[in-house]
Amino acid sequence: MTTRGVTVPADAARRIWLHAQRLDVAEPFGHGPRSTLAAIEHLGYVQIDSINVIERAHHHILFSRIPGYRRADLHRAQTVDKTVFETWTHALSYVPVGDYKYFVPAMRSLRTGPWLPWNKGITADDVRVAVKRIRDHGPLKISDIKDDVLVEKDWAWASRKPSKRALDIACTWGLITVSERTGIIKTFELTERQFGWEKKPRAATEKQVIAYGLDRALRAQGLVSVASVVHRETKAKAAVRELIEQRVRRRELVPVTVGDVEHWATPETLDTVPRPVPGTVHLLSPFDPLVIQRKRLELFFGYTHLFEAYVPRQKRVFGYFALPVLVNDEIVAVIDLKTDRSAGAMLIQQWTWVGNGRESTHRQPIEDALARFEQFQLNRA
């Protein structure tokens, strides 16, 4: 690389990342239904997860950036405005419909395998039958299918109806899409019919997909490494590095060192290192984009997150579904929460101080954030 690099200390690096994630100000995307699409467009994706010991991940992530967020706003974006759709990034996620073409190549590649292991036993003919049912009869939920021969579950969240697996495969192939989601209950529709397309958008080229991934990471991460751009798509590493090197030679990116790991940023990102608004407190989902890349989180924040939902109780350190607590630009505590919906209360299972977390300094602002979070948990709008 021909441009000299700079060293960015961890405290500056995390402030850049927090600003890119829009976790350093109170209301970065405004309010009202439009703020939901604005947040998803900026982040690039919002991960979906079915664990609901507290509010599900996708709603939690949006609430962390939109104080007045309502679940109905995401429903509107998906079902009424049709501006977001569900697809696989590193995991099942909401993605802007405007980015659809960048996911078409992956959808096509999944048709030839390898198939996801939990979809075993389903044939291409099964998928065609499921799609034809929707084409002929309109949108459907799995509960609408009455003629399946039930099978035994082979994992906890499986359905006994084989058609459910066929529908999920058809979704990953882009033949159908989720037109509505209520909790974990999905309604499926033909993709073209859902979005009013005569045919799907033309697939982006491989180079366009790589550039899209890099640009998305630069926007939502500020400082990027090859690993943070590709996340779990390790096959893309060489192509991402090549594109980064091209941009460095064109002086569009600057090499940056954080700790002993090479990163890159735009010159504009490095011009001013932002500071969070004092008193900013967030209870972060374990699936939040700030938390999900564990090695990056440890490098920038000096905090190692443990996801222990599948760890035996006696071996847990922080708890079943522990949330990192961000105060200003530091993670100072980890709190394991559970919502008791029948009692109308949010329960603190375990509270652990980490890093520079102090009872005298941080307890009250965190208690205030917990009160706001509990109100969100219990208000089902």
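Every value quoted in this text rests on a predicted model; they were computed, and no experiment measured them. (Residues numbered from 1 in each chain as written. Predicted model: local features only at pLDDT ≥ 70, side-chain atom pairs only at ≥ 80, totals over all residues. Heavy atoms only, no water.)

*Asks:* Explain the pattern of salt bridges to me, please; I cannot follow it from the model alone.
*Replies:* Side chains that differ in charge, positive against negative, can pair when their charged atoms come close. All chains considered together, the criterion is met by 18 salt bridges. For Arg 128, the salt bridge identified is with Asp 125, shortest N-O distance 2.1 Å. Separated by three residues within a single helix, Arg 128 and Asp 125 lie in helix H6 (residues 124–137), roughly one turn from each other. Take Arg 128: its relative accessible area is 51%, and that puts it in the exposed class. A salt bridge links Glu 262 to Arg 241; the nearest nitrogen and oxygen atoms lie 2.4 Å apart. Taken together, the positions of Glu 262 in strand S9 (residues 261–265) and Arg 241 in helix H11 (residues 237–249) put the pair 21 residues apart, joining distant regions of the chain. We classify Glu 262 as partly exposed; its relative accessible area is 40%. Taken together, the salt bridges that share partners define one network made up of Asp 11, Arg 15 and Asp 329. (Salt bridge = Lys/Arg side-chain N within 4 Å of Asp/Glu carboxyl O. Helix = DSSP H or I, 4+ residues; strand = E, 2+ residues; numbered from the N terminus. Buried < 20%, exposed > 50% of the residue type's maximum accessible area, 1.4 Å probe, protein only.)

*Asks:* Quick question: what am I supposed to make of the sheet that holds strand S5 (residues 140–141) here?
*Replies:* Backbone-to-backbone hydrogen bonds pair the strands of a sheet. The strands run either parallel or antiparallel. Sheet architecture is open: three strands sit in the order S5-S7-S6, paired in antiparallel fashion. At either margin of the open sheet sits one strand with a lone partner, and together these are S5 and strand S6 (176–182). Here six bridges tie S6 to strand S7 (residues 185–190), and the two strands are oriented antiparallel to one another. By the bridge assignment for S7, Thr 182 is matched with Ile 185. The strands touched by H6 within the sheet are S5, S6 and S7, with S7 carrying the most contacts at an inclination of about 80°. (Pairing = 2+ DSSP bridges. Contact = heavy atoms within 4.5 Å. Axes fitted to C-alpha atoms, helices over the stretch in contact; angles between N-to-C directions.)

*Asks:* Help me understand the packing of aromatic side chains in this model?
*Replies:* For any two aromatic rings, the description comes down to two numbers: the centre-to-centre distance and the angle of the planes. Evaluated as defined, the whole model comprises 18 aromatic pairs. Ring centres 6.2 Å apart and planes at 55° place the aromatic pair Tyr 69 and Phe 376 in the tilted group. Residue Tyr 69 is found in the loop between helix H3 (57–63) and helix H4 (71–80), and its partner Phe 376 is found in helix H14 (residues 359–378); the two are separated by 307 residues along the sequence. Three or more aromatic residues joined by ring pairs form one cluster here, namely Phe 85, Tyr 100, Tyr 102, Phe 103, Phe 195, Trp 197 and Tyr 212. One Lys or Arg, Arg 296, reaches over the ring of Trp 17 and ends 4.1 Å from the middle of that ring. Just above the ring of Phe 300 sits the side chain of Arg 296; from NZ or CZ to the centre is 4.5 Å. (Phe/Tyr/Trp six-rings, centres within 6.5 Å; stacked < 30°, edge-to-face > 60°. Lys NZ or Arg CZ within 6 Å of the ring centre and 35° of its normal.)

*Asks:* In this structure, what is going on with the environment of Lys 132? I would like to understand it.
*Replies:* Within the secondary structure, Lys 132 is located in helix H6. Through-space distance from the C-alpha of Lys 132 to that of Thr 269 is 50 Å; in sequence the pair is 137 residues apart.

*Asks:* Sorry if this is basic, but what is going on with the sheet that holds strand S8 (residues 254–258) here?
*Replies:* Spatially, S1-S8-S9 is the arrangement adopted by the three strands of the open sheet, whose pairing is mixed. If you trace the sheet from one side to the other, it starts and ends with strand S1 (6–7) and S9, each paired once. With two bridges joining them, S1 and S8 adopt parallel strand pairing. Looking at the pairing, Thr 7 lines up with Thr 257 of S8. Its contacts with the sheet place helix H13 (residues 294–301) against S8 and S9, and it is angled at close to 90° to S9.

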